[in-house]
Amino acid sequence: MTNDLDTPTPTVSVLGLGPMGSALAQALLSAGTTTTVWNRTESKARPLEHAGAVIAPDAAAAVAASDLVITCLRDHASTRELLDEVPPEALAGRTVVVFASSTPGEARRTQEWAETRGIDLLIGAIMVPTPVIGTPDALILYSGRQDLLEAARSTLEVLAPRSPFVGTDPGMASVLDTAMLEVFFTGMTAFLHAAAVVTANGLSAADFVPWANSMLDILPDTFRGLAADTDRGEYPGNEDNLAMELSALTHMVETSRDAGVDPGLPTLMRDLAREAVERGHGADGWSRIVEVLRESS
Ligand SMILES: NC(=O)c1ccc[n+]([C@@H]2O[C@H](COP(=O)([O-])OP(=O)(O)OC[C@H]3O[C@@H](n4cnc5c(N)ncnc54)[C@H](OP(=O)(O)O)[C@@H]3O)[C@@H](O)[C@H]2O)c1
């Protein structure tokens, strides 16, 4: 493997060996990368030692061992805390890639923290579960220092062949991470709510899957339409309108109650539609809801 970092075959250290850190280290080892690992609880490093990793005695030694340092701790605060204990000379000349769940504000704080210490640091957001790491489907978003991503790209693509740079704002990877997860969690929760309603009415959840998926087929075009309206700031109701949708959502709340299922989720959507209608937007399309959300914040 060749790489644009200083050495033709860069060495990599992985600090933090929860399920994700272990998957990252395993993918590097499988690609033949010289990999050093460290974890606060050392027992989690043992399986990787059997796979060929070197276990460092402490975080400073792990950082000093490699050109590229990957941290995969619970959050940014614990990552900064850990790296604060590493002597600056161990960090000098290293590229540090931080993978941790974060708010955009926390990611920006970590970037500022690194700049004040002269640390070359790149922020990444892992968008796939552990079994997908190292496969063609793996996706990791990067933001902040594009120069660091490009210099380490061939090594980082071992983890995720899809490794786009999403912006110089260090918080952008987290902005997209949280926004994409919102779509995912909302979809999963909507499915479970609907499954509770259909199972209360005698259908199995499995039998409902094809019906649910037929709605998913509509979503890509729907998202494009909603995005166009949102970016234009115009919310035409030519094909659908909020007055009609309010009626459908009211039925959804009643059906949920009748099934003995918590109506919170459809009630939230009904109340958004009701608010828009009460503000005089009953003839607008569903995209008008973005304004209600902005104004209610
Ligand atoms: N698992 C996934 O599918 C997935 C997917 C996408 C993104 N992520 C992100 O990846 C990151 C790691 O997740 P994970 O699944 O590996 O599980 P995790 O349980 O969040 O991993 C925690 C890791 O952080 C370490 N840690 C926590 N606080 C520490 C501290 N103060 N000092 C030193 N080490 C500390 C733990 O060490 P100990 O072992 O000693 O406790 C452990 O190695 C998270 O930010 C998560 O959101 C995970």
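Residues numbered from 1 in each chain as written. Predicted model: local features only at pLDDT ≥ 70, side-chain atom pairs only at ≥ 80, totals over all residues. Heavy atoms only, no water.

Asks: What am I meant to see in the domain arrangement of the chain here?
Replies: One frequent convention defines the size of an interface as the accessible area lost when the parts assemble. Domain boundaries assigned for the chain yield domain 1 (12-168) and domain 2 (175-296). Each of domain 1 and domain 2 was reduced to a C-alpha centroid, and the two centroids are 38 Å apart. Domain 1 puts eight residues into the contact, and the matching count from domain 2 is five residues. Between domain 1 and domain 2 the total buried area reaches about 510 Å² when both faces are included, carbon and sulfur atoms providing 78% of it. Scanning the region where domain 1 abuts domain 2 turns up zero salt bridges. The interface formed by domain 1 and domain 2 includes zero residue pairs in polar contact (both at pLDDT 80 or more). The residue makeup of the side of domain 1 that touches domain 2, split by class, is six nonpolar, one polar and one charged. (Domains from an automatic or database assignment. Contact = heavy atoms within 4.5 Å. Buried area = accessible area lost by both parts, 1.4 Å probe. Salt bridge = Lys/Arg side-chain N within 4 Å of Asp/Glu carboxyl O. Polar contact = N/O pair within 3.5 Å; in protein donor to acceptor, adjacent residues only side chain to side chain. Nonpolar A, V, L, I, M, F, W, Y, C, P; charged D, E, K, R; others polar.)

Asks: For this particular structure, what's the right way to read a nonpolar patch on the surface?
Replies: A surface patch of nonpolar side chains, about 380 Å² in accessible area, is lined by L181, F184, F185 and M188. Structurally, L181 can be placed in helix α8 (residues 172-200). (Patch = residues over 30% accessible without salt bridge, like charges linked within 9 Å, V, L, I, M, F, W, Y side chains within 5 Å. Areas by Shrake-Rupley, 256 points an atom, 1.4 Å probe, with all protein chains shown as cover. Helix = DSSP H or I, 4+ residues; strand = E, 2+ residues; numbered from the N terminus.)

Asks: What's the story with the sheet that holds strand β2 (residues 35-38) in this structure? I'm lost.
Replies: The strands making up a sheet associate through hydrogen bonds between their backbones, and the pairing can be parallel or antiparallel. Pairing in this open sheet of seven strands is mixed, and the strands run β3-β2-β1-β4-β5-β6-β7 from one edge to the other. One side of each edge strand has no neighbouring strand; the edge strands of this open sheet are β3 (54-55) and β7 (140-143). Inspection of the sheet shows strand β1 (residues 12-15) paired to strand β4 (residues 68-71) by four bridges, in the parallel sense. Along β4, the bridge assignment pairs L15 with T71. With respect to the sheet, helix α4 (residues 76-84) is in contact with β1, β2, β4, β5 (95-99) and β6 (120-126), its orientation differing from that of β5 by roughly 150 degrees. (Pairing = 2+ DSSP bridges. Axes fitted to C-alpha atoms, helices over the stretch in contact; angles between N-to-C directions.)

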